[in-house]
Amino acid sequence: MWSCWLVPAFCWLVHLCVAQSLRPQIASPQLATNNPTFTTIALEKPFCVFDGSLSPGKSYEVYLYAMMDSMSMISSAVTDNSSKPLDSTFQEVNGGQLGPYKAAVLNVPDCASPPKLADIRNVKKASDVLKQYLFRVGDDVSCLYDPNFLGVCNPPLASDTTYRFKYILVDETLGIMKDETLWSDPIKTNSVKKSSTIDTWPGRRSGGMIVITSILSVLIFLLLAGLFASVFFAITGSEDSATTETRHISQTVQQVAPRPQASSDRADQ
Amino acid sequence: MAKGDNGVRCFQGLLVLGNVIIGLCGIALTAECIFFVSDQQTLYPLLEATNNDDIYGAAWIGIFVGFALFNLAVLGIVGVIKSNRAMLLAYIILMLITYAFETASCITAATHRDFFTRNLFLKQMLEKYQNPEPLNNDDKWMSEGVTRTWDRLMLQHECCGVNGPSDWQNYMSKFRNINSDSEFPWPRQCCVMNVQGIPVNLDGCKLGVSGYYNDKGCYELIAGPMDRHAWGVAWFGFAILCWTFWVLLCTMFYWSRIEY
């Protein structure tokens, strides 16, 4: 068994690709980087898978079935006893818990001219390339709650759950299944982490902060010490100069006092 | 002062020069801090919502400290030239107070810069961006600020999330509560837009096809200006304080040597 869908070069050896040995594949991770998400999974469409079973002149459709991958035995049959495909909906099987549900009805992909993935860069062709190449399970958010919705509902999947998918080829006029692939490998939707688990503690302090804090603290201390020292020296310095001044004054007073006696003596003579 | 008049004149000249430099640095500090406070990139709402906006407080202190330094430098020059004890004492006391404020500003800016991690902004973005049910008016104000800022950042700089669009896919968020993952794996602003402001290819954006969504993270655009702000306030203030320390010490020495 070999799968020919691993690279975007599609299967040339059409007649050797037997559908019963192939499985649906997830869309190329180089193209669709956001896949799978919490609630969606994008699958490659089944290119060149059913071409061996197509008869000319008849119209065919491809049905996609999805179910949860579970340990317990649940019925994974997608057809009833007369090969008619089941019409189960998402609500009926509890989102895939109880069995497969029909997620989509697609046209048979054109094997002769598959979309060139390099064209995705071209803005005009990008939509077409995406529509032709892949199918996004879980794309429709409103069909579950819309009472007027009549088509096949493809509601968002559950997060942190494994799903398996299967494509079947259905003859439109007869309404019976012509061919089918295997169930895909289990594909898991992403799990969420709560935002409260994010740790915002910055860890250790940066070197710059430590340098600034320590040096500035030391400088402030030195300045205050310098202030007290200069005030202290200023006060003791002024006391010294005050004592020298009082001695200076008393000497001049004594010099002035004897002179009036000398002048009065001369006046007496 | 009788001893060595030349020595005294030289010392006075040095003090005057020191004060001139302090005055000029004060004006520069005021200008720099006004520039930071004016918040050219309008990132303040992000800081406000983290309750960690003290680098703005440090910048505000820097504005007033710079102005005070300029005025005190003028006072110091006049006091030194006139050798007036009262003036110089006033200068020393006021300078010490200004010194203390500037020290506080520098330490605050340097310390709070350390809190800016990717996780801080990531958590805030997840909890406040497009928060549909804020708890109170304060929360509402902060949530609206965060939403407005992120919308503008994502559109202007073509980036998404803090580390990348995967942030929206890896964590639960208030945004995710009201916007289903299927329709909005990440905000529409993460999509590459055309000139009308509409995503070029919505399916490509939702699937993560390169070229139709912005896969760059916005963290550098947030942290870059904030780092420059914090370091500018902290280190320039530190440099001024180192210089002012010497001028102040010499002025104290000069003051203690003046005779009445």
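What you are looking at is a predicted structure, and each value in this text was computed from that prediction instead of being measured. (Residues numbered from 1 in each chain as written. Chains lettered and ligands numbered in written order. Predicted model: local features only at pLDDT ≥ 70, side-chain atom pairs only at ≥ 80, totals over all residues. Heavy atoms only, no water.)

Asks: Go over the layout of surface pockets with me, naming the residues and quoting the values.
Replies: Of the voids in this model, the second largest pocket is the one considered here, and its volume is about 240 Å³. Forming the boundary of the second largest pocket are Lys45(A), Ser127(A), Leu130(A), Lys131(A), Leu134(A), Phe135(A), Arg136(A), Asp139(A), Asn154(A), Asp203(B), Lys206(B) and Leu207(B). Contributing elements (two or more residues each) for the lining of the second largest pocket: α1 (123-133) and β4 (134-137) of chain A together with α9 (202-207) of chain B. Across the lining of the second largest pocket, the residue classes tally to 4 nonpolar, 2 polar and 6 charged. (1 Å grid on protein atoms, 1.4 Å probe; cavity = no way out; pocket = protein on both sides within 12 Å on 5 of 7 lines; lining within 4 Å. Points joined across faces, edges and corners; volume = space filled by probe spheres on them. Helix = DSSP H or I, 4+ residues; strand = E, 2+ residues; numbered from the N terminus. Nonpolar A, V, L, I, M, F, W, Y, C, P; charged D, E, K, R; others polar.)

Asks: I'd like a description of the pairing of β4(A), backed by residues and values.
Replies: Residues and elements named next belong to chain A. Taking every second residue as pointing to the same face, both faces of β4 are buried, with Leu134 and Arg136 on one and Phe135 and Val137 on the other. Of the strand pairs in this sheet, strand β1 (residues 41-44) and β4 are connected by 4 bridges, and their pairing is antiparallel. By the bridge assignment, Leu43 is partnered in β4 with Phe135. (Buried < 20%, exposed > 50% of the residue type's maximum accessible area, 1.4 Å probe, protein only. Pairing = 2+ DSSP bridges.)

Asks: Could you give an account of the packing of aromatic side chains, with specific residues and numbers?
Replies: Residues and elements named next belong to chain B. Applying the stated criterion across every chain, the model contains 17 aromatic pairs over all chains. Taking 5.7 Å as the distance between ring centres and 50 degrees as the angle between the ring planes, the aromatic pair formed by Phe35 and Phe36 counts as tilted. Between Tyr44 and Tyr56, the ring centres sit 4.7 Å apart and the planes meet at 75 degrees, which makes this aromatic pair edge-to-face. Here Tyr44, found in helix α2 (residues 44-49), pairs with Tyr56, found in helix α3 (residues 54-82); they are 12 residues apart in sequence, far enough to count as distant. Judged by its relative accessible area of 9%, Tyr56 is buried. Within the aromatic cluster, the residues linked to one another by ring pairs are Tyr129, Trp168, Phe175 and Phe184. A cation over an aromatic ring shows up here: Arg85 above the ring of Trp255, its NZ or CZ 4.7 Å from the ring centre. (Phe/Tyr/Trp six-rings, centres within 6.5 Å; stacked < 30°, edge-to-face > 60°. Lys NZ or Arg CZ within 6 Å of the ring centre and 35° of its normal.)

Asks: With reference to specific residues and values, describe the environment of Gly232(B).
Replies: Residue and element names in this part refer to chain B. Locating Gly232 in the fold gives a position in helix α10 (residues 219-257). Looking at Gly232, the relative accessible area reads 15%, which means it is buried. Distance from Gly232 to Asn131, taken between C-alpha atoms, is 34 Å for residues 101 residues apart in sequence. With sequence-adjacent residues up to four places away left out, Gly232 is seen in contact with Glu32, Phe36 and Gly237. (Contact = heavy atoms within 4.5 Å.)

Asks: Report on the interface of chain A and chain B, specifying residues and quantitative values.
Replies: Across the boundary between the two partners, chain A contributes 55 residues, which contact 53 residues of chain B. Of the roughly 4,500 Å² buried at the junction of chain A and chain B (both faces included), carbon and sulfur atoms supply 68%. Between the two partners, chain A and chain B, sit 0 salt bridges. Where chain A packs against chain B, one counts 18 residue pairs in polar contact (both at pLDDT 80 or more). Among the elements of the structure, α1, β4 and α2 (207-256) of chain A are those that each provide at least two residues to the side of chain A that touches chain B. With 17 residues, the single largest contributor to the side of chain A that touches chain B is α2(A). (Buried area = accessible area lost by both parts, 1.4 Å probe. Salt bridge = Lys/Arg side-chain N within 4 Å of Asp/Glu carboxyl O. Polar contact = N/O pair within 3.5 Å; in protein donor to acceptor, adjacent residues only side chain to side chain.)

Asks: Describe the nonpolar core, and please don't skip the residues or the numbers.
Replies: Within soluble globular proteins, side chains that are nonpolar tend to cluster in buried spots. Core analysis: the biggest nonpolar cluster contains 42 residues, and Tyr91(B), Ile92(B) and Leu248(B) have the highest contact counts within it. Breaking this core down by element, the ones donating at least two residues are α2 of chain A together with α1 (5-37), α3, α4 (85-113) and α10 of chain B. If you tally residues by element for this core, the top one is α10(B), at 11 residues. Setting aside anything within four residues of it in sequence, one finds Tyr91(B) in contact with Asn19(B), Ile22(B), Leu72(B), Leu75(B), Gly76(B), Val247(B), Leu248(B) and Thr251(B). (Core = buried A, V, L, I, M, F, W, Y, C linked by side-chain atoms within 4.5 Å.)

Asks: Before we move on, can you summarise the state of the cysteines with the specific residues and values?
Replies: Enumeration according to the criterion identifies 5 disulfides over all chains in this entry. Bridging Cys143(A) to Cys153(A), the disulfide has an S-S length of 1.8 Å. Of note, the bridge from Cys143(A) to Cys153(A) carries an S-S torsion of about 80 degrees and is right-handed in sense. Of the two residues, Cys143(A) is situated in the loop between β4 and β5 (162-171) and Cys153(A) in the loop between β4 and β5; the sequence distance between them amounts to 10 residues. Like Cys153(A), Cys143(A) is buried. Between the sulfur atoms of Cys159(B) and its disulfide partner Cys218(B) the distance amounts to 1.9 Å. (Disulfide = S-S within 2.5 Å.)

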